[in-house]
2 protein chains.
Amino acid sequence: MDRLWSALSETHRRRILDLLRDRPCSVTELVEALGLAQPAVSKHLRVLREAGLVRVRIEAQRRIYSVDPAGIRALDDWLTPYRRLWNERLDALGWHLDATDDDPGHRNAHHDHGRI
Amino acid sequence: MDRLWSALSETHRRRILDLLRDRPCSVTELVEALGLAQPAVSKHLRVLREAGLVRVRIEAQRRIYSVDPAGIRALDDWLTPYRRLWNERLDALGWHLDATDDDPGHRNAHHDHGRI
DNA sequence: CAGGAATATAACCACAGAGGCATATTGGGG
DNA sequence: CCCCAATATGCCTCTGTGGTTATATTCCTG
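Residues numbered from 1 in each chain as written. Chains lettered and ligands numbered in written order. Predicted model: local features only at pLDDT ≥ 70, side-chain atom pairs only at ≥ 80, totals over all residues. Heavy atoms only, no water.

- Under the annotation held in an unreviewed UniProt entry, chain A carries the name Transcriptional regulator and is attributed to Actinocatenispora comari.

This is how it looks when you write it as structure tokens:
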């Protein structure tokens, strides 16, 4: 878990994920997109790989990297218990009940946060 | 956004969030729970606050900290475009459709991941 | 109003990690 | 088989940051 977070804490690595979300890329492509030296990018990719956030497919001398859903999944799992929390608070405070809400039934739940 | 991730990259800070998710706590309570020195905890709390992850309520000399949904919300938003991705991959590969799935209707859904 | 409890801030130290350059490695093409 | 292209790894440096101790601040209590 620690690896996951520390991998994601870096701007360039999040940028890499953004790029890979679009389409799988070779290292060279990423180097060009990021404006970093190639070794730096390779290192970032290593970190991302060890965190379960990207995968490699070897294709001749090219390494084609793509997002590994496992890592994202882990992050989502971590987030789950908190999501409940912010749903409660949102309607408790009468905030923006926008359309991005996945779970429409929840906002009507009787929120008795009795322990506070 | 950078602040958010760097705040979350630290184990103790994530632990603090875990604790606060249960109930709001004073600094001293957190100090005891974490086994860290008080100044260290105060610094972590500062970082979490500036990242929009916790809030403070002043109560006499006590500072009562609690989770600020805003930060969690931001993280969730970041995750959104990726969630689509791993949904596609999961059923494309016929992976573990375990019981942790929040959305029971989904696993039976006819998964036409037409765009990949 | 003095004393102490609760918390924040400052100064300092130590270590992790991000970046750069040089080099090793691997695979393909002439 | 040799050379080049693509990528990884090693080594070094430097900045960022987490931890500690000491001190400032704030507010209740006797």
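Next comes the rest of the description.
Quick word on the sheet that holds strand E3 (residues 62-67) of chain B
Residue and element names in this part refer to chain B.
For step 1, the next point in the chain: Read across the sheet, 3 strands follow the order E1-E3-E2 without closing on themselves; strand pairing throughout is antiparallel. This sheet does not close on itself; its edge strands, each paired only once, are strand E1 (25-26) and strand E2 (54-59).
For step 2, the next point in the chain: Of the pairings in the sheet, the one linking E2 to E3 comprises 6 bridges and is antiparallel in character. Along E3, the bridge assignment pairs Ile 58 with Arg 63.
For step 3, the next point in the chain: Along the sheet, helix H2 (residues 11-22) contacts E1, E2 and E3; its crossing angle with E3, the most-contacted strand, is approximately 95°.
For step 4, the next point in the chain: Each of E2 and E3 is contacted by helix H4 (residues 38-50), which is oriented at about 120° to E2, the strand it contacts most. (Pairing = 2+ DSSP bridges. Helix = DSSP H or I, 4+ residues; strand = E, 2+ residues; numbered from the N terminus. Contact = heavy atoms within 4.5 Å. Axes fitted to C-alpha atoms, helices over the stretch in contact; angles between N-to-C directions.)

Quick notes on the nonpolar core
For step 1, the next point in the chain: If you look at the biggest cluster of nonpolar residues, it comprises 54 residues, and the most contacted ones within it are Leu 17 and Leu 53 of chain A together with Leu 17 and Leu 53 of chain B.
For step 2, the next point in the chain: The two domains that each donate at least three residues to this core are domain 1 (2-67) and domain 2 (71-108) of chain A.
For step 3, the next point in the chain: Ignoring any residue separated from it by four or fewer positions in sequence, one finds Leu 17 of chain B in contact with Trp 78 and Tyr 82 of chain A together with Leu 8, Leu 48, Leu 53, Val 54 and Val 67 of chain B. (Core = buried A, V, L, I, M, F, W, Y, C linked by side-chain atoms within 4.5 Å. Buried < 20%, exposed > 50% of the residue type's maximum accessible area, 1.4 Å probe, protein only. Domains from an automatic or database assignment.)

Comments concerning helix H3 (residues 27-34) of chain B
Residue and element names in this part refer to chain B.
For step 1, the next point in the chain: Taken residue by residue, H3 has Val 27, Leu 30, Val 31 and Leu 34 as its buried positions. Seen from one end, H3 has its buried residues packed into an arc of 105°, which puts them on one side.
For step 2, the next point in the chain: Elements in contact with the buried residues of H3: H2, E1, H4 and E3.
For step 3, the next point in the chain: Gly 35 occupies a position one or two residues after H3 and carries a positive phi of about 70°. (Arc of directions from axis to C-beta.)

Here's the deal with the protein's contact with DNA strand C
For step 1, the next point in the chain: Looking at DNA strand C, there are 21 residues lining it, with Lys 43 and His 44 of chain A together with Thr 28, Ser 42 and Tyr 65 of chain B nearest.
For step 2, the next point in the chain: One of the backbone nitrogen or oxygen atoms of Val 27 of chain B is found 3.3 Å away from a phosphate oxygen of DNA strand C.
For step 3, the next point in the chain: Residue Arg 62 of chain B places a side-chain N or O atom 3.5 Å away from a phosphate oxygen belonging to DNA strand C.
For step 4, the next point in the chain: Those elements that provide at least two residues to the surface near DNA strand C are helix H2 (11-22) and helix H4 (38-50) of chain A together with H3, H4 and E3 of chain B.
For step 5, the next point in the chain: With 5 residues, H4 of chain B is the single largest residue contributor to the surface near DNA strand C.
For step 6, the next point in the chain: Of the residues contributing to the surface near DNA strand C, the split by class is 6 nonpolar, 8 polar and 7 charged. (Near = heavy atom within 4 Å. Polar contact = N/O pair within 3.5 Å; in protein donor to acceptor, adjacent residues only side chain to side chain. Nonpolar A, V, L, I, M, F, W, Y, C, P; charged D, E, K, R; others polar.)

Regarding the protein's contact with DNA strand D
For step 1, the next point in the chain: Surrounding DNA strand D, one finds 22 residues, the nearest of these being Thr 28, Ser 42 and Tyr 65 of chain A together with His 12 and His 44 of chain B.
For step 2, the next point in the chain: Looking at DNA strand D alone, sugar and phosphate atoms form 61% of those within 4 Å of the protein.
For step 3, the next point in the chain: Within the backbone of Val 27 of chain A, an N or O atom sits 3.3 Å from a phosphate oxygen of DNA strand D.
For step 4, the next point in the chain: Side-chain polar atom of Arg 13 of chain B to a phosphate oxygen of DNA strand D: 2.9 Å apart, as the coordinates give it.
For step 5, the next point in the chain: Of all elements in the fold, only helix H3 (27-34), H4 and strand E3 (62-67) of chain A together with H2 and H4 of chain B reach the threshold of two or more residues within the surface near DNA strand D.
For step 6, the next point in the chain: The element that contributes the greatest number of residues to the surface near DNA strand D is H4 of chain A, accounting for 5 residues.
For step 7, the next point in the chain: Of the residues assigned to the surface near DNA strand D, the class counts are 7 nonpolar, 8 polar and 7 charged.

Observations concerning the pairing of E3 of chain A
For step 1, the next point in the chain: Sheet topology places strand E1 (residues 25-26) of chain A next to E3 of chain A; 2 bridges connect them, and they run antiparallel. What sits directly across from Cys 25 of chain A, in E3 of chain A, is Tyr 65 of chain A.

Some thoughts on H2 of chain B
Residue and element names in this part refer to chain B.
For step 1, the next point in the chain: Compared with the 16 Å implied by 1.5 Å per residue over 12 residues, the 17 Å span of H2 between its first and last C-alpha is a close match.
For step 2, the next point in the chain: Restricting attention to buried positions, one finds in H2 the residues Arg 13, Arg 14, Ile 16, Leu 17, Leu 19 and Leu 20.
For step 3, the next point in the chain: In this structure Glu 10 caps H2, since a side-chain oxygen of it lies 2.8 Å from the backbone nitrogen of His 12. (Expected span 1.5 Å × (residues − 1).)

Some points on the environment of Ile 64 of chain A
For step 1, the next point in the chain: The topology assignment puts Ile 64 of chain A in strand E3.
For step 2, the next point in the chain: Measuring from C-alpha to C-alpha, the distance between Ile 64 of chain A and Val 27 of chain A comes to 7.1 Å, with 37 residues separating the pair along the chain.

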